[in-house]
Every structure is written in structure tokens, then in C-alpha cells.
Number of protein chains: 2
Amino acid sequence: MAIILGIDPGSRITGYGLVKTQPNHHHQFIACGCIRLEKYSLGDKLKTIHEVIADLVHTYQPDETAIEQIFFHENPSTALKLGQARGAAIAASALYGLTVHEYTARQVKKAVVGYGAADKSQIQHMIQILLKLEMIPPVDAADALAIALCHAYTREGLKSLGGVAQKMRYRRLR
Amino acid sequence: MAIILGIDPGSRITGYGLVKTQPNHHHQFIACGCIRLEKYSLGDKLKTIHEVIADLVHTYQPDETAIEQIFFHENPSTALKLGQARGAAIAASALYGLTVHEYTARQVKKAVVGYGAADKSQIQHMIQILLKLEMIPPVDAADALAIALCHAYTREGLKSLGGVAQKMRYRRLR
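Residues numbered from 1 in each chain as written. Chains lettered and ligands numbered in written order. Predicted model: local features only at pLDDT ≥ 70, side-chain atom pairs only at ≥ 80, totals over all residues. Heavy atoms only, no water.

Colleague: Tell me about the pairing of strand 1 (residues 3–8) of chain B, and name the residues and values.
Modeller: If a strand is regular, its side chains alternate between the two faces of the sheet. All names here are of chain B. The element strand 1 is extensively covered by neighbouring structure, given that 6 of its 6 residues are classed as buried. Burial of strand 1 is two-sided: the residues Ile3, Leu5 and Ile7 facing one way and the residues Ile4, Gly6 and Asp8 facing the other way are all buried. Direction of pairing for strand 1 relative to strand 2 (residues 13–20): antiparallel, over a ladder of 6 bridges. Its bridge partner lying in strand 2, Leu5 is registered against Leu18. Between strand 1 and strand 2, which pair antiparallel one after the other, the connecting turn spans 4 residues. Here strand 1 runs beside strand 4 (residues 64–68); their pairing, made up of 4 bridges, is parallel. Counted as the bridge partner of Ile7 is Ile67 from strand 4. (Buried < 20%, exposed > 50% of the residue type's maximum accessible area, 1.4 Å probe, protein only. Helix = DSSP H or I, 4+ residues; strand = E, 2+ residues; numbered from the N terminus. Pairing = 2+ DSSP bridges.)

In C-alpha cells:
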């Protein structure tokens, strides 16, 4: 068993989610949240990301970090801002001894929804089912939990939970 | 008097330079260097940037950080990598209580060389003269010292040292 910290970095909102892996694949929800950064200066934004990760490490003692892998971005200015948030998050994770694992958006969606082009609401919906949450988590927290779950499935050798996720989805829809 | 840490972040090499401001504008060189990151994984790159800044803060106790301001970048993939290095550097600076000041490449060149389109070798040359260095500093360290000097001049209200830099250059060439 391991505790995984999923991070969905953004310069306006950074989502985080923690799951505890279970041998039966029914990974357990620990915590999730959104760090709202709109009002901060650049320095304070990145400092806040670092400090929240430090707090999460202190409180929940995660073993590994999972983060979305970005190859290209259509807008260089957005890529720079996203890179800065990612840089602060990855540096903090590595500094506290967490190994950093990256997954593409497609891998995350495939693992959690069973479909690489799933939309945000499908991710929120599946996260609620897979982690047995009473409420639908906010978009950025759901994305972070999805990245954490993707890593939880992948590290067990279950490269994609497509089948399991699909079955669960259909069971609920019936 | 204040100690300024200039940072020139990059995903392969991150340059740093420290100067101590002096009331007579003849700011004093403290230290400079290049952090070579080519061989590291992403997590270790960003962790190393953070750790070197932590070491510099511990050793030289700078008061303020100056870093190049980037608005746009022609290549989104490069912008993302640059953003990550910047994010780690800015987060570390803010975390250790340094205020972060940004200057465009044009402002830095204008302040140090007196010409906004100066090339790398002109910056190295002027940094050697202005800081009375025995040797020409490596490109990335010279850029970091130039950013630190740009902030040293600006914070005194001397928006551009164009005139002074030009005079010094001509004095040497004569």
C-alpha cells in the first residue's frame, strides 16, 4: 500500500488529491482540494503551491506524486504559466522525497473513464463512483484524484482500468 | 545596501549571480555560477534549482531576487520547460522571503550595455567591466549578474545605466 498525491497544476487554480492504494484495486480516498491562486502575485502563487504541498506531505505522508505530462501547448504564454505552476509543484514534491510520475491527459482519462477523449464532467462522475464519494468533487480536485488513481492502477501493472471503469459505469447507468 | 540574487533560469543550465549594492553605483560582485542540469530527471532538475537557491540564501543572505520576465516565447514546448525552471526558482526565492522582481531582456540589456538589442558577448564584456572581474564570466552566469545589476540600478531610481555603461565601454576601448 502507498499513498499517492495527484497534482493538477494551474496558475489560477491548482488541484490536489490523495488516494491510498489497496490490494483489491478499490483504492481509498484520503483528501482533495483546490488551491485558489487568482489574487496572488507570481511569487506568492508559487510559494503557496510549495507550502500547500509541504502541508500535505506533513499531514498525509504521501509516498509518490503523479502529475499530468504536457508535451505541447497551443499557446506559448499559457505554456509558460502552466510550466511555472508545474515547476513549483514538482520541485516541492522532489524536495520532500516523493518520486514524480507523469501521465498524459489521454492516459489519465483512459485509466479512469475508459475513454481517452472523456470530458471533465465524465472524470468527475467516475471519480465519485470509483472513490465512493458522497459528493461530486470540483473539476480541478477531480482531475488531481484522476491522475493519482491513474498512477495507482499503473503501478500495479494494470495499465488501464478501462474495462473496470466501463463496467462500473454501465452498472450504475442500468 | 542590499544583496541581490539574479537568476537566469533554464532547464539545461540555470545561471545565478549575486551583487551587493553600493551607494556610489559601483555595485560589488559577490558570487556567480552555473547549475548544470542536463543529466538530471525533471524532478531532480527542479529540486536542484531549489536546493542551490536555498544554499545561496544560507551563504550570502540576499534581500531580493531579480529574474528575467518572459511574456511570449516562439515555441510552446520550450516555454513550458523554461516555465518549470522559473517556477522552481521563483517559488524557492519567495519561500525564503526574497521579493521577486522581473525585468525584460531588453531592460536588462539597456541597463547593462546601454543598448536593448545587445548580444550575449556584449553582456559578458560589460559585466566584466562593471563588476571589475578578472575573468569573463560564463554566458548564463553573466546573464544572471546582468539581471541583478539591472535591478540594482532600477531600485535606486536609475532606470537605465545606458549612459554610464556607454562611457565605461568607450573609456576601455580608447
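Colleague: Talk me through the packing of helix 4 (residues 120–130) of chain B against helix 5 (residues 139–155) of chain B; I want residue IDs and the actual numbers.
Modeller: Residues and elements named next belong to chain B. Two elements in contact, helix 4 and helix 5, have axes separated by 9 Å at closest approach and are oriented at 60 degrees. When the axes of helix 4 and helix 5 are compared, the pair comes out oblique. When you trace helix 4 past helix 5, the crossing you get is left-handed. Judged by residue contacts, Lys120, Ile123, Gln124, Ile127 and Leu130 of helix 4 engage Val139, Ala142, Asp143, Leu145, Ala146, Leu149 and Tyr153 from helix 5. (Axes fitted to C-alpha atoms, helices over the stretch in contact; angles between N-to-C directions. Parallel < 35°, antiparallel > 145°, perpendicular 65-115°, else oblique. Left-handed = near helix turned anticlockwise from the far one by under 90°. Contact = heavy atoms within 4.5 Å.)

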